[in-house]
Amino acid sequence: MNIRYLHTMVRVADLDKTMAFFRLLGLEETRRIDNDKGRFTLVFMAPPGQPECLVELTHNWDGDDGLPSDSRHFGHLAYRVGNIYDLCQTLMDAGVTINRPPRDGHMAFVRSPDNISIELLQEGDALPPAEPWASMDNTGHW
């Protein structure tokens, strides 16, 4: 059996806000489908140079009463990053809560505006412990 990863789909309540969040992570819009008949928009985003790593953001124009919720039925999205401290600082400066700080220099968790759990993993070896991350407590859950 041949199988190939295509994308991860998540439903979003505020498309612009969610796209801005994924842009902070470094993803770019690669394709968009506006379906007038079905009254939805699909936006595909991926890291630069990695078109096979798509996230499909599905936005229903008439809303979705279940969003945002704290449902984690799909688990999380995971991205390897060049410098976990720099990215977490960029996210924090933009008002994003770092739910599980990168105390170990290796792993952090954040959530999108729609409560999508995002795991960030340091590329290569873990970075040496550094403040404010080393002493930062968890906030919420991931």
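Sequence order sets the numbering: in each chain, residues are counted from 1 along the sequence as written. Owing to the predicted nature of the model, reporting of local features is limited to residues with pLDDT of at least 70; listing and counting of side-chain atom pairs is limited to 80 or more, with chain, interface and lining totals taken over all residues. Hydrogens and water molecules were not included; the side-chain quantities draw on all heavy atoms of the structure.

- If you look the chain up in an unreviewed UniProt entry, it shows as Lactoylglutathione lyase from Paracoccus sediminis.

Observations regarding the nonpolar core
Consideration 1: In this structure, Phe22, Leu25, Leu57, Ile118 and Leu120 are the most contacted members of the largest nonpolar core, which totals 29 residues.
Consideration 2: Counting residues per element, the ones that place at least two in this core are helix H1 (15-24), strand S3 (40-46), strand S4 (54-60), strand S5 (77-81), helix H2 (84-93), strand S7 (107-111) and strand S8 (117-122).
Consideration 3: When residues of this core are assigned to their parent elements, the largest contribution, five residues, is made by H2.
Consideration 4: Split by domain, this core shows at least three residues from each of two domains, domain 1 (1-61) and domain 2 (75-136). In plain words, nonpolar cores are sets of buried Ala, Val, Leu, Ile, Met, Phe, Trp, Tyr and Cys residues tied together by side-chain atoms within 4.5 Å. Exposure classes here rest on a 1.4 Å probe applied to the protein chains alone. A residue is buried below 20% of its type maximum, exposed above 50%, and partly exposed in between. Labels follow the DSSP assignment, with helices taken as runs of H or I lasting at least four residues and strands as runs of E lasting at least two, numbered in each case from the N terminus. Residue ranges labeled as domains rest on an automatic or database domain assignment.

Things to note about the side chain of His59
Consideration 1: Note on placement: His59 falls in strand S4.
Consideration 2: With a relative accessible area of 17%, His59 lands in the buried category.
Consideration 3: Of the polar contacts made by the side chain of His59, one reaches the backbone oxygen of Ala13; its length is 3.2 Å.
Consideration 4: Apart from residues lying up to four places away in sequence, His59 is in contact with Val12, Ala13, Asp14, Leu15, Arg39, Phe40 and Thr41. Here a polar contact is taken to be a pair of N or O atoms separated by no more than 3.5 Å, where protein atoms must pair a possible hydrogen donor with a possible acceptor and residues adjacent in sequence count only if both atoms sit in side chains. Note on contacts: a residue pair is in contact if any heavy atoms of the two residues lie within 4.5 Å.

Considering the domain arrangement of the chain
Consideration 1: By domain assignment, the chain separates into domain 1 (1-61) and domain 2 (75-136).
Consideration 2: Averaged C-alpha coordinates put domain 1 and domain 2 at centres separated by 21 Å.
Consideration 3: Between domain 1 and domain 2, the contact holds 15 residues from the first and 15 residues from the second.
Consideration 4: For any pair of parts, buried area is found by adding up, for both, the accessible area (1.4 Å probe) each one loses once the two are put together. Note on domain 1 versus domain 2: buried area summed over both sides is about 1,100 Å², and carbon and sulfur give 82% of it.
Consideration 5: The largest share of the area that domain 1 buries against domain 2 comes from Phe21, Leu24 and Leu25, three residues that together contribute 52% of it.
Consideration 6: A pairing counts as a salt bridge when a side-chain nitrogen of Lys or Arg comes within 4 Å of a carboxyl oxygen of Asp or Glu. On inspection of domain 1 and its partner domain 2, the count reaches zero salt bridges.
Consideration 7: If you look at where domain 1 meets domain 2, you find two residue pairs in polar contact (both at pLDDT 80 or more).
Consideration 8: Every element with two or more residues in the side of domain 1 that touches domain 2 is listed here: strand S1 (7-11) and H1.
Consideration 9: With five residues, H1 is the largest single contributor of residues to the side of domain 1 that touches domain 2.

Focus on the side chain of Thr58
Consideration 1: Among the secondary structure elements, Thr58 is positioned in strand S4.
Consideration 2: On the basis of relative accessible area, Thr58 is assigned to the buried category, the value being 8%.
Consideration 3: Excluding residues within four positions of it along the chain, Thr58 makes contact with Met9, Val10, Arg11, Val12, Thr41 and Leu42.

A few points about the packing of aromatic side chains
Consideration 1: Stacked, edge-to-face and tilted labels apply to pairs of Phe, Tyr and Trp rings (six-membered ring for Trp) whose centres lie within 6.5 Å, assigned for plane angles under 30 degrees, over 60, and everything in between, in that order. Under the definition given, this model contains two aromatic pairs.
Consideration 2: A ring pair is formed by Phe21 and Phe22, whose centres lie 5.4 Å apart and whose planes are at 85°; its orientation type is edge-to-face.
Consideration 3: Classification of Phe22 as buried rests on a relative accessible area of 1%.
Consideration 4: A centroid spacing of 6.4 Å and a plane angle of 0° characterise the contact between Tyr85 and Trp133, whose relative ring orientation is stacked. Here Tyr85 is found in helix H2, whereas its partner Trp133 is found in the segment after S8, with 48 residues between them in sequence. Of the two residues, Tyr85 and Trp133, neither departs from the other in class, the shared state being buried.
Consideration 5: Over the ring of Phe44 we find Arg31; its NZ or CZ atom is 4.1 Å from the centre of that ring. In our convention, an over-ring charge means Lys NZ or Arg CZ found within 6 Å of a ring centre and within 35 degrees of that ring's normal.

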